[in-house]
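# Summary of structural features
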Amino acid sequence: MEDQCKDVVVNASQLAHPTGSVMAMIEKHEAALVTLLGFSLFSVLLALLYNAIRRYVFHDADNVDTAFDAGGNVSTTLTAVTIASQLLWPGDMLQTATVAVKYGVSGAFWYSMAASINITLFPLLSLQFKTRAPGAKTYLQVIQARFGKVTHTVFCVYALLINVVILTALAVVGVALIQGIVTEASPEFCMLVLATLCGSYSFIGGLGSTFYVCYFNAVVVFFLLGVLVVNIFYMEHPDHPLLGNVDVIYQRLACLPGPETNEEGSYLTFWSVGGIVWACTGICLTASITFCDQASWQSRVAAKPVQGVLGFLLATFVWFAVPSAIGTTTGLSYLALAAHNSSMALTPGDIDAGLVTVYVSQLVLGRAGSFLILIMFTMLVMSTGSSEIMAVASIFVYDIYQIYINPFRKDVSGSKCVLCGRRRKGAQKSNKNSSNNYSLSEETGELCKCPSVTNCQPCQKDLDTKNKESPRSQVQVFQCPHHGEYRMYQSSLLSFKNTCILAITIVFIPFGLLVNAAGLDLNWVMLTGSIATIPCFPGVVLSLMWVKASAVGLFVGSIAGLVCGISANLIYASTFEGGLSQFLLNTAHPYAVLTGCCTSLFTALLLTVLVSLCTHSIASKEDEDGEWTKLRQIKNPLHPWSQTFAEEFPDLPEDTEPSYEQLSKVFRGATLTAIIGSACSMLLLVIIIPGVMASLHVLSEQQFRAWFTTLQVWCGLMAGLVLVVTPVEELRSVCGRIVANRNSRESNNRESSF
């Protein structure tokens, strides 16, 4: 072993003078063909296929709600694959290897574990969202219904800020990667490619098309990941004799001096202070992204409670497989190669930019490696970028345009019918100190007498006329005296949705160019962005889980958390060498970021709870029921949310909404699944696996091989879920609906013959 380590020790001392670099091996026209005319065109075809299936098989109406909830009945595994694909950012593919290079075998694990914790906890909150506010399309609608417009405006800003952070990270990593592997790729070319990939099929198919495209993307990502793993660990490479042999890579890593904060200064241990600090920071970062990013809630709205819970739990394990495998594979193999030959070492700037995975792929596969990374990157951009564009569009449609710019009826509270402005039958009186307070005359005025849309004959005539018209008809006039005007308004929202998606896609190009000109790097954007967005997290959770949360509490907590978090980060960053004169470097230091995140989170949580306890107006069970009733009043009169649960309540009259107690009883199994599944996942990811790894201290060669084998088996199982189970479940759903439609037609024909 000493003889094997001699050249490693020498070369390790030379890593301060790196000479390696990522090479631009792909011509610009080749990149355009692969990304724009290849996968972008294919995604558009998938979007058209989705539209055809939903229209001719499931008979979904073409309306704004369907565009943002995909019909509300997406299957379990398709939900899981979509969520995992959308949360697997392009930055994850690159940054997980960066963390592995810095902290060794623990880096990729702690990176993946931090995000998985929040993904596995999300079913508990999302189940409350689906049963307490079954008609809501955005989590911001819950904020507005309970706490009024002032608090709603604050959280709208937070929600859009989260989208800006994610799109900024997408632009930063996209430009850096494309310029690194494509010859003469200007920032303008890079942003044009990114915008086209993100916006093309979203404009055509809405949210539903993202499910089909995300499935295809996940299939490609797992296939390419398999190619990369096999080539690095199981195939010989004459130019790089270290590759193709796990044992040799282990020997090189065992000789290489690692970070001083790692146990025994080794890269082969899970006892890493830096890795654990990164995990704590990552938990804060992914909490704001998972719980406060509208893109996550959209995927939840698209599935029923049971499918949503199981989908998110499965997504945890699907997601964990990819970054942990990529980071461990490329990060550790890079360390072994650089230790063997210092000329292969990248600059610190290239490492922080996330180019380790690109570099290793090029060393192993040459020009094919560049195409592998470009294709994998294309897949992830399409999934993440499209979901963010749809999220921003939904916020503009439901929470800005409908409420502040062009509401159908101004100053209509949750207890009033949006169609006629009168008080809804059965609407409960709001508590006296609520931000959505109504006068006594409003509560005791004339009741709404609008008929249900399901039994409205004029509406049926309007819909029949619409179906007979040419799809190219630009103007549709609805004659129903009760719902016709609102149908026109909903049609305008559908057009506004398309305008939003197109505008966001176009604006993304100059936005990305500005970010690129500012010189921001991925590390700074993600880490400091978490400080600014995490104060939103406590308010979102408490708005669904705690009846005594108040508008004042959420407002004070979120604003104070933001101010204190940023202040703590700046104060701590100023203590490092160079102070705030080295702003980007010091404010993104792990300890400065962790200080800012923790201060921001706990300040927001503490003040939200304390101020709410002092300002809430809940004094009885009646007040509690009235508070939660506000969420059930989030509804579209043209598309009652009760129709989504028609299968679960076959004996309930068509126009009757199931109560919260009835929903809770029917979905009790989903609740138990969410609690048990989240608890077991947390036990596995937070206690069992880290505990086993920590008990090993510095890994032996056999233990190292066992860990790699475990990751590969995990990836194989998840790949099988994606490749086999998902299409089988979706085909069964489509075929079952086709059979049901055929039986319904035959039954109608028999009845008409009599």
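Quick look at a nonpolar patch on the surface now. On the surface, Leu-683, Val-686, Ile-687, Ile-688 and Val-692 cluster together into a nonpolar patch covering about 390 Å² of accessible area. Summarising the element assignment, Leu-683 is placed in helix H26 (residues 668–696).

Bringing the nonpolar core into the picture now. In this structure, Met-93, Tyr-139, Ile-178, Tyr-334, Phe-508 and Phe-704 are the most contacted members of the largest nonpolar core, which totals 203 residues. Examining the composition of this core, we find that 24 residues originate from one element, helix H7 (residues 139–181), more than from any other. Not counting the four nearest positions on each side in its chain, Ile-178 is found in contact with Ala-185, Phe-189, Cys-190, Val-193, Leu-194 and Phe-377. Grouped together as the second largest cluster of nonpolar side chains are 10 residues, Leu-313, Phe-645, Leu-663 and Ala-670 included.

Take the packing of aromatic side chains next. Taken as a whole, this structure holds 25 aromatic pairs when the rule is applied. Between Phe-122 and Trp-297, the aromatic rings sit 4.8 Å apart at their centres with planes inclined by 65 degrees, giving edge-to-face as the arrangement. Remark: Trp-297 occurs in helix H11 (residues 294–301) and Phe-122 occurs in helix H6 (residues 105–132); sequence separation between them is 175 residues. Among the residues examined, Phe-122 registers a relative accessible area of 0% and is labelled buried. Overall, Trp-297 belongs to the buried group, its relative accessible area being 0%. Joined through ring pairs, the aromatic side chains of Phe-109, Trp-110, Phe-270, Phe-317, Phe-320, Trp-707 and Trp-714 make up one cluster. A cation sits over an aromatic face here: Arg-132 above Trp-628, 3.9 Å from the ring centre. Here Arg-146 stacks its cationic end above the ring of Trp-628, 4.9 Å away from the centre of that ring.

Here the structure, examined in full by the defined rule, presents six salt bridges. Among the salt bridges present, the one from Arg-146 reaches Glu-627, with a minimum N-O distance of 3.0 Å. Of this pair, Arg-146 sits in helix H7 while Glu-627 sits in helix H24 (residues 621–632), and the two are 481 residues apart along the sequence. Classification of Arg-146 as buried rests on a relative accessible area of 1%.

Residue placement: Leu-140 occurs in helix H7. Using a relative accessible area of 0% as the deciding quantity, one classes Leu-140 as buried. Spatially, the C-alpha atoms of Leu-140 and Tyr-398 are 8.7 Å apart, while their sequence positions differ by 258 residues. Leaving out residues up to four positions away in the same chain, Leu-140 has contacts with His-152, Phe-155, Cys-156, Ala-159, Ile-395 and Asp-399.

Turning next to helix H21 (residues 551–573). Taking 1.5 Å per residue as the helical rise, H21 with its 23 residues ought to reach 33 Å, and the 33 Å between its terminal C-alpha atoms agrees with that figure. Buried residues of H21: Ala-551, Gly-553, Leu-554, Gly-557, Ser-558, Ala-560, Gly-561, Gly-565, Ala-568, Asn-569 and Ala-573, and no others. On its buried face, H21 is in contact with H7, helix H19 (522–533), helix H20 (536–545), helix H22 (583–587) and helix H23 (590–615).

The next subject is the packing of helix H10 (residues 273–292) against H20. In a packed pair of helices, the relevant descriptors are the angle between the two axes and the axis-to-axis distance. Running from N to C, H10 and H20 cross one another at 40 degrees; their axes reach a closest spacing of 9 Å. The angle between H10 and H20 places the two elements in the oblique class. The two elements H10 and H20 cross, and the hand of that crossing is left-handed. Taken together, the residues of H20 that come into contact with H10 (itself represented by Ala-287, Phe-291 and Cys-292) are Cys-536, Phe-537 and Val-540. Here the residues of the contact of H10 with H20 sort into six nonpolar, no polar and no charged.

Along the polypeptide, Ser-394 turns up in helix H15 (residues 367–405). Since its relative accessible area comes to 1%, Ser-394 is described here as buried. Looking at Ser-394, its side chain comes within polar contact range of the main-chain oxygen of Ala-391, at 2.7 Å.

Inspection of the secondary structure assignment puts Ser-333 in helix H12 (residues 305–340). Within the structure, the side chain of Ser-333 is placed 2.7 Å from the backbone oxygen of Thr-329, a separation counted as a polar contact. Discounting chain neighbours no more than four positions away, the residues touching Ser-333 are Ile-232, Leu-243, Ile-249, Thr-328 and Val-360.

A separate point is the confidence of the model for the chain. Residues of the chain with pLDDT of at least 70 account for 88%, and the chain-wide mean is 81. When mean pLDDT is compared element by element in the chain, H21 scores highest at 95, while helix H16 (residues 440–444) scores lowest at 43. Segment residues 9–17 is flagged for pLDDT under 50; beyond a separation of four residues in sequence, or across chains, it makes 11 contacts in the model. Long-range and interchain partners of residues 471–475, a stretch whose pLDDT sits below 50, account for zero contacts in this model, where long-range means more than four residues apart.

Another point: the environment of Leu-610. In this fold, Leu-610 is placed in helix H23. Overall, the relative accessible area of 43% leaves Leu-610 in the partly exposed class.

We now examine the packing of H15 against helix H18 (residues 484–518). Axis separation between H15 and H18 bottoms out at 9 Å; the angle between their running directions is 140 degrees. Classified by the interaxial angle, the pair formed by H15 and H18 is oblique. Pair H15 / H18 crosses with right-handed handedness. Residues Ile-389, Met-390, Val-392, Ala-393, Phe-396, Val-397, Tyr-401 and Gln-402 of H15 lie in contact with H18, whose contacting residues are Tyr-486, Tyr-489, Gln-490, Leu-493, Phe-496, Lys-497, Cys-500, Ile-501, Ile-504 and Thr-505. By residue class, the composition of the contact of H15 with H18 is 14 nonpolar, three polar and one charged.

Attention now moves to unusual backbone geometry. Backbone geometry places Glu-184, a non-glycine residue, at a positive phi of 55 degrees. Checked against the element boundaries, Glu-184 lands in the loop between H7 and helix H8 (187–233). The backbone phi angle of His-697 is positive, close to 55 degrees, even though this residue is not glycine. With respect to the secondary-structure elements, His-697 resides in the loop between H26 and helix H27 (701–753).

With that settled, the discussion passes to the environment of Trp-714. Mapping Trp-714 onto the fold places it in helix H27. Taking the C-alpha atoms as reference, Trp-714 lies 6.3 Å from Ala-321; in sequence the two are 393 residues apart. Those residues in contact with Trp-714 that sit more than four places away from it in its chain are Phe-317, Phe-320, Ala-321, Leu-685 and Ile-689.

Cut-offs and rules
Residues numbered from 1 in each chain as written. Predicted model: local features only at pLDDT ≥ 70, side-chain atom pairs only at ≥ 80, totals over all residues. Heavy atoms only, no water. Patch = residues over 30% accessible without salt bridge, like charges linked within 9 Å, V, L, I, M, F, W, Y side chains within 5 Å. Areas by Shrake-Rupley, 256 points an atom, 1.4 Å probe, with all protein chains shown as cover. Salt bridge = Lys/Arg side-chain N within 4 Å of Asp/Glu carboxyl O. Helix = DSSP H or I, 4+ residues; strand = E, 2+ residues; numbered from the N terminus. Core = buried A, V, L, I, M, F, W, Y, C linked by side-chain atoms within 4.5 Å. Buried < 20%, exposed > 50% of the residue type's maximum accessible area, 1.4 Å probe, protein only. Contact = heavy atoms within 4.5 Å. Phe/Tyr/Trp six-rings, centres within 6.5 Å; stacked < 30°, edge-to-face > 60°. Lys NZ or Arg CZ within 6 Å of the ring centre and 35° of its normal. Expected span 1.5 Å × (residues − 1). Axes fitted to C-alpha atoms, helices over the stretch in contact; angles between N-to-C directions. Parallel < 35°, antiparallel > 145°, perpendicular 65-115°, else oblique. Left-handed = near helix turned anticlockwise from the far one by under 90°. Nonpolar A, V, L, I, M, F, W, Y, C, P; charged D, E, K, R; others polar. Polar contact = N/O pair within 3.5 Å; in protein donor to acceptor, adjacent residues only side chain to side chain. pLDDT = per-residue confidence, 0-100.

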